Amino acid sequence: TKLTNVIFLPSIQIDDPDVEVITRDERVDVYVDLRTLETREDDLALRADISAVYIYDKSRRAVIKIVKLPVQVKSYPLTFHLRNGTLIINLQRL
C-alpha cells in the first residue's frame, strides 16, 4: 500500500515519574526527584529556554535531565534549590 499525504509528528514524550510540573497564572514550578543521583546543589547548573529546562551536573560534566514544559516560560529569572533530594525550579510564564 502506498502512503500519500502522510504527516509525521514529533515523538510524544512519555510522562517522567521523577518530574512534576505545576503551572500557575504567572509562574511554573518544576519538581525533579534527584535522590538516586546523590548530587549537591553546588554541582548543579540550570538553563531554560522557551519550552524546556536543562539540568546539568558540573561535577559529572553531564546533562542529568531535560524537562519539556507544557507552557512557554521566560529563560530568566530562573531560581532553584535542592531539598531532601528534590530539585525545585521556579520559572516565570510568558
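Residues numbered from 1 in each chain as written. Predicted model: local features only at pLDDT ≥ 70, side-chain atom pairs only at ≥ 80, totals over all residues. Heavy atoms only, no water.

### Quick word on the overall build of the protein chain
Inclusion rule: Going along the chain from the N terminus, every DSSP run of H or I of four or more residues is numbered as a helix, and every run of E of two or more is numbered as a strand. Exposure classes here rest on a 1.4 Å probe applied to the protein chains alone. A residue is buried below 20% of its type maximum, exposed above 50%, and partly exposed in between. Any pair of residues with heavy atoms lying within 4.5 Å of one another is described as a contacting pair. In this description, accessible areas are obtained by the Shrake-Rupley approach with a 1.4 Å probe, and a residue is regarded as covered only by the protein chains that are shown.
Secondary structure summary: the protein chain contains zero helices and seven strands in total. Element order for the protein chain, N to C, with α for helix and β for strand: β-β-β-β-β-β-β. Counting all 94 residues of the protein chain, 27% fall into the buried class. Pairs at least 24 residues apart make up 45% of the contacts formed inside the protein chain by residues separated by at least 6 positions. With an accessible surface of roughly 7100 Å², the protein chain has 49% of that area assigned to carbon and sulfur atoms.

### Some details on a nonpolar patch on the surface
For the record, the criterion: To count toward a patch, a residue needs a relative accessible area over 30% and no salt bridge; like charges are then connected within 9 Å, while nonpolar side chains (Val, Leu, Ile, Met, Phe, Trp, Tyr) are connected within 5 Å. Salt bridges are counted wherever a side-chain nitrogen of Lys or Arg sits within 4 Å of a carboxyl oxygen of Asp or Glu.
There is a patch of nonpolar side chains on the surface, built from Tyr56, Val63 and Ile66 and spanning about 250 Å² of accessible area. By relative accessible area, Tyr56 is classed as partly exposed at 33%.

### A short note on the confidence of the model for the protein chain
For the record, the criterion: Scored from 0 to 100, pLDDT reflects the predictor's confidence in each residue.
With 85% of its residues at a pLDDT of 70 or more, the protein chain has an overall mean of 86. Within the model, pLDDT remains below 50 along residues 6-13, and this stretch shows two contacts once partners closer than five positions in the same chain are excluded.

### Details of the sheet that holds strand S6 (residues 73-83)
Our working definition: Here, a strand pair is defined by DSSP locating no fewer than two bridges between the strands. To get an axis, a line is fitted to the C-alpha atoms, and for a helix only the part in contact is used. The angle between two axes follows their N-to-C directions and goes from 0 to 180 degrees.
Pairing is antiparallel across the open sheet formed by four strands, whose spatial order is S1-S2-S7-S6. Looking at which strands have only one partner, the edges of the open sheet turn out to be strand S1 (19-23) and S6. Each strand of the sheet is rotated relative to its neighbour by a mean of 15°, with strand direction disregarded. In this sheet, strand S7 (residues 86-93) lies alongside S6 in antiparallel orientation, the contact comprising seven bridges. Within S7, the residue paired with Thr79 across the bridge is Asn90.

### Here's the deal with unusual backbone geometry
Backbone phi values are negative for most residues with the exception of glycine, while trans is the configuration of most peptide bonds. Cis geometry is adopted by the peptide bond preceding Pro77, which originates at Tyr76 and carries an omega value of 0°. Structurally, the position occupied by Pro77 is in strand S6. Despite not being glycine, Arg61 has its phi angle at roughly 55°, a positive value. Of note, Arg61 is situated in the loop between strand S4 (52-57) and strand S5 (62-68). Assessed through its relative accessible area of 70%, Arg61 is described here as exposed. Positive phi is not limited to glycine here, since Asn84 has a value of about 50°. Within the fold, Asn84 resides in the loop between S6 and S7.

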